Amino acid sequence: MTVTGSALRPSPAPRSADEERRLAAVDRYQILDTPPDGTFDKGAALAARIFRTPAAAITTADGYHLGTVNVLDTHPRQVTAEQLAALQNLAALVMDQLEMRLSAIRTVTAERQMRTAAERLARTLQRTLLPPALPQVPGLRAAAAYHAASADEVGGDFYDLFPLDDGRWAFFLGDVCGRGAEAAALTSLTRCTLRAAALYGPDPCAVLANLDTVLKGEYPGTDPRHCTAVFGVLGRTEDGSFTLTLAGGGHPPASAVRADGTIQPLPVTGGQLIGLLPEPRFTQTSTHLAPGDALLLYTDGLTEARTPSGPMRQEEGLAAHLAAGTWDDADDLVAGIRRLLDHLGTGVNDDTALLALSVPIHPPAPAQETR
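Parameters at a glance
Per chain, residues are indexed from 1 in the order of the written sequence. Where local features are concerned, this predicted model is filtered to residues with pLDDT of at least 70; where side-chain atom pairs are given and counted, the filter is 80 or more; whole-chain, interface and lining totals use all residues. Note: side-chain values were computed over all heavy atoms of the structure, leaving out hydrogens and water. Put simply, DSSP marks the helices as runs of H or I at least four residues long and the strands as runs of E at least two long, and each gets a number from the N terminus on. Three exposure classes are used, based on accessible area relative to the maximum for each residue type with a 1.4 Å probe and protein chains only: buried under 20%, partly exposed in between, and exposed over 50%. It only takes one pair of heavy atoms within 4.5 Å for two residues to be counted as in contact. Computed with the Shrake-Rupley method and a 1.4 Å probe, the accessible areas treat only the protein chains shown as cover for residues. What makes two strands pair is DSSP finding at least two bridges between them. Simply put, an axis is a line fit to the C-alpha atoms, just over the touching stretch for a helix, and the angle between two N-to-C directions goes from 0 to 180 degrees. The term nonpolar core refers to a set of buried residues drawn from Ala, Val, Leu, Ile, Met, Phe, Trp, Tyr and Cys, joined through side-chain atoms within 4.5 Å.

Within the chain, the secondary structure is distributed over nine helices and 12 strands. With 371 residues in all, the chain has 37% of them scored as buried. Within the chain, residue pairs in contact and separated by at least 24 positions form 67% of the contacts whose partners lie at least 6 positions apart. When the accessible surface of the chain is split by element, carbon and sulfur atoms take 55% of a total near 21700 Å².

Within the open sheet, the five strands sit side by side as E3-E12-E11-E8-E9. Their pairing is antiparallel. The open sheet is flanked by strand E3 (141-147) and strand E9 (263-266), the only strands paired with a single partner. Sheet twist, expressed as the average angle between the axes of neighbouring strands with direction ignored, equals 20°. Where strand E11 (residues 294-298) lies against strand E12 (residues 352-358), five bridges are found, and the strand directions are antiparallel. Bridging across to E12, tyrosine 298 finds its partner in leucine 354. Against the sheet, helix H9 (residues 330-344) makes contact with E3, strand E8 (254-257), E11 and E12, and its axis sits at roughly 15° relative to E3, the strand it touches most.

Here we take up the sheet that holds strand E4 (residues 157-163). Pairing is antiparallel across the open sheet formed by five strands, whose spatial order is E4-E5-E6-E7-E10. In this open sheet, the two edge strands, each paired with only one partner strand, are E4 and strand E10 (283-289). Here the strands of the sheet are splayed against their neighbours by 15° on average, with no regard to which way each runs. Pairing between E4 and strand E5 (residues 169-176): seven bridges, direction antiparallel. Looking across to E5, one finds that phenylalanine 158 is bridged to glycine 174. Across the sheet, helix H5 (residues 180-200) is in contact with E4, E5 and strand E6 (227-236); its angle to E4 comes to roughly 25°. Across the face of the sheet, helix H6 (residues 204-218) comes into contact with E6, strand E7 (242-249) and E10 while running at roughly 150° to E6.

Judged by nonpolar contacts, the single largest core of 24 residues is most densely connected at Leu140, Phe171, Leu234, Leu266, Leu295, Leu297 and Leu357. Where this core is concerned, the elements lending two or more residues are E4, E5, E6, E7, E8, E11 and E12. By size, the runner-up hydrophobic cluster in this structure holds 23 residues, among which are Leu164, Phe172, Cys227 and Ile274.

Printed below as a string of structure tokens:
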């Protein structure tokens, strides 16, 4: 007969109910999972002085306490009532410290759970304010991204791209005032209004004027809500290029990235904030996108981001960044700006929305049937 080593070892004695409860109390206070506490060390040292029992801490070279060396009596000693009372007081102080530690652990745990829930809610709500995917536009490539500056707050940046009834395509990008739930409600209203106004009449300035009217009607009185926005209409021509009409209301200028590497700002000078002024003025400009050209729209989180040396990037810094790169298409352009935002790190203190449109030099060949 073969007897294994495990069979020779005695099985552990079952724990009593009292021992289980004691171990549960140890786990509850997480005594074994926390670093050394100076309060407990001081309590042990004070007890040693009361009983005149020498004790010394075992300390590593880098300052960590591993335990203590204690000198114990070999003969019984008479313990006075005063000494026992002092020990009871010390034990009560240790218990108070454990209760304070437990309360702090519970508070930190609850705050972490609340923050996690807030971040999850913010991500979910943010996704509902943006299109799940951009549509496929014949002869055009489109890409978009959203860079959130805060994980637990909903921002107010928005964008969209959608078809019009006459075969053209409309797009917009903007930023509402504020953050959180109020900004989310304003963003939802703004997006829906822009889409409805464009289908009713796609003139870019008229669309922004309709949005201005709606915002003033929804937020009258002394607490108005406003936003900035760029709205454009694209029409494809026979040679594969696109005509572009762009209107703006208080928004940073779009940038045209030409096929030869030239960066052309498309300012809509004079366009004013939407929803704030009694009689705002909106302006528009027109251009075309030839094969190899691209258009970049962005919110001010990009141009107001601070560089490692301190100053804001501004439109000039963005133009220099675009001119220094080579951009194949809209996807490449958006990916490059996202890398820039990641590089700036904490210098980005506001959300940033990006929308890029590009005209491929060689249009994709029609799909062939596979037999």
